[in-house]
Amino acid sequence: MSAPANATAAIVAETRRIWSARYAQRMSLDPTVLAILSIFGGAALTALAGLVGAGINARREHGRWVRERRLLAYESAHKLVEDVRQWENDFRGVENFRRELDEKADKAGLSKEARAELVATGLNARNSDRFTPAASYAWTREIVARKTDTLASITLLGTQEVVERFDAVFGPIGNNDPQAYQRARRDMEQAMRRALKIKI
């Protein structure tokens, strides 16, 4: 090797030796300091693990809370749909019964008073007082209020699909289409199961 290369190698070797000595002096710590650093380092790691665990647990609890509230909202929606369907079916039954009584009165040639008495007696037997105009109006107001509350709950807690399926169920009820109602109800229930992550 040439002289400049030897000089460069010597300088590099001396620099390494000096830095190694200084680094070794800095790294040599008192055993008490090492013990204290170990304790505080362990405590810091434990606290960090606790915070991470608490965050994970909080997320899990929030998810559970949302699922419980969704279930309550969906149960309310399902009950409302069934109540409306039952009322519509009962109303149609009373209306059909009223028509049958009118036809019988026509065939029998009853007077206006006798006809009214026959219809009233027959309808009372069918418990039709809940289908009077005043009762129907009150029931409609109650259903509108319940539907508004239920829609608000499922809009806040549910998915857009559930909201759309819930709204879609009411069309077939009003149109007296049992097959369309069954399909719409099944679609609503499936959307609710998906939102609740229920697998069947």
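Conventions adopted
- Residues numbered from 1 in each chain as written.
- Predicted model: local features only at pLDDT ≥ 70, side-chain atom pairs only at ≥ 80, totals over all residues.
- Heavy atoms only, no water.
- Core = buried A, V, L, I, M, F, W, Y, C linked by side-chain atoms within 4.5 Å.
- Buried < 20%, exposed > 50% of the residue type's maximum accessible area, 1.4 Å probe, protein only.
- Helix = DSSP H or I, 4+ residues; strand = E, 2+ residues; numbered from the N terminus.
- Phe/Tyr/Trp six-rings, centres within 6.5 Å; stacked < 30°, edge-to-face > 60°.
- Lys NZ or Arg CZ within 6 Å of the ring centre and 35° of its normal.
- Axes fitted to C-alpha atoms, helices over the stretch in contact; angles between N-to-C directions.
- Parallel < 35°, antiparallel > 145°, perpendicular 65-115°, else oblique.
- Contact = heavy atoms within 4.5 Å.
- Nonpolar A, V, L, I, M, F, W, Y, C, P; charged D, E, K, R; others polar.
- Left-handed = near helix turned anticlockwise from the far one by under 90°.
- Salt bridge = Lys/Arg side-chain N within 4 Å of Asp/Glu carboxyl O.

K.L.:
Is there a simple way to explain the nonpolar core in this structure?
P.N.:
One broad rule of soluble globular proteins: the nonpolar side chains tend to lie buried together. In terms of nonpolar packing, the biggest core is built from 23 residues, with Y74, V81 and F166 touching the most fellow members. Of all the secondary-structure elements, those providing two or more residues to this core are α2 (31-108), α4 (133-157), α5 (160-174) and α6 (178-196).

K.L.:
Would you explain the packing of aromatic side chains in this entry?
P.N.:
Any pair of aromatic rings gets described here by the distance separating the centres and the angle formed by the planes. Across all of its chains, the model carries 2 aromatic pairs by this definition. Measuring from centroid to centroid gives 4.4 Å for W87 and W139, while their planes differ by 10°, and the two rings are stacked. You can see W87 sitting in helix α2 and its partner W139 sitting in helix α4, a full 52 residues away along the chain. Overall, the relative accessible area of 9% leaves W87 in the buried class. Sitting above the plane of the F170 ring, K147 keeps its charged end 4.2 Å from the centroid.

K.L.:
It is not clear to me how the packing of α2 against α6 should be interpreted in this structure. Could you clarify?
P.N.:
The geometry of a pair of packed helices is captured by two quantities: the angle between their axes and the separation between those axes. The contact between α2 and α6 brings their axes to 10 Å, and the two run at 170°. By the angle class used here, α2 and α6 are roughly antiparallel. From α2, R67, R70, L71, Y74, A77, H78, V81, E82 and R85 reach across to α6, where they touch Y181, R185, M188, E189, M192, A195 and L196. Tallied by class, residues from the contact of α2 with α6 come to 9 nonpolar, 1 polar and 6 charged.

K.L.:
Would you take a moment to explain unusual backbone geometry for this structure?
P.N.:
Most peptide bonds adopt trans geometry, and most residues besides glycine take a negative phi value. Even without a glycine there, the phi angle at K197 is positive, about 60°. With respect to the secondary-structure elements, K197 resides in the segment after α6.

K.L.:
What is the right way to look at the packing of α2 against α4 in this model?
P.N.:
Two elements in contact, α2 and α4, have axes separated by 9 Å at closest approach and are oriented at 155°. Judged on the interaxial angle alone, α4 and α2 are roughly antiparallel. Judged by the twist between their axes, the crossing of α2 over α4 is left-handed. Listed contacts from α4 to R69, R70, A73, Y74, S76, A77, K79, L80, D83, V84 and W87 of α2 are S136, W139, I143, R146, K147, T150, S153, I154 and L157. Residue composition of the contact of α2 with α4, by class: 10 nonpolar, 4 polar and 6 charged.

K.L.:
Teacher, can you tell me more about the pattern of salt bridges here?
P.N.:
Two side chains that carry opposite charge are able to pair once their charged atoms sit near each other. With the rule as written, the count across this model stands at 11 salt bridges. D83 is the salt-bridge partner of R146, the closest N and O atoms lying 2.8 Å from each other. Taken together, the residues span a long stretch of sequence, with R146 in helix α4 and D83 in helix α2 at a distance of 63 residues. Three or more residues joined by partner-sharing salt bridges are found here, namely K79, D83, E142 and R146.

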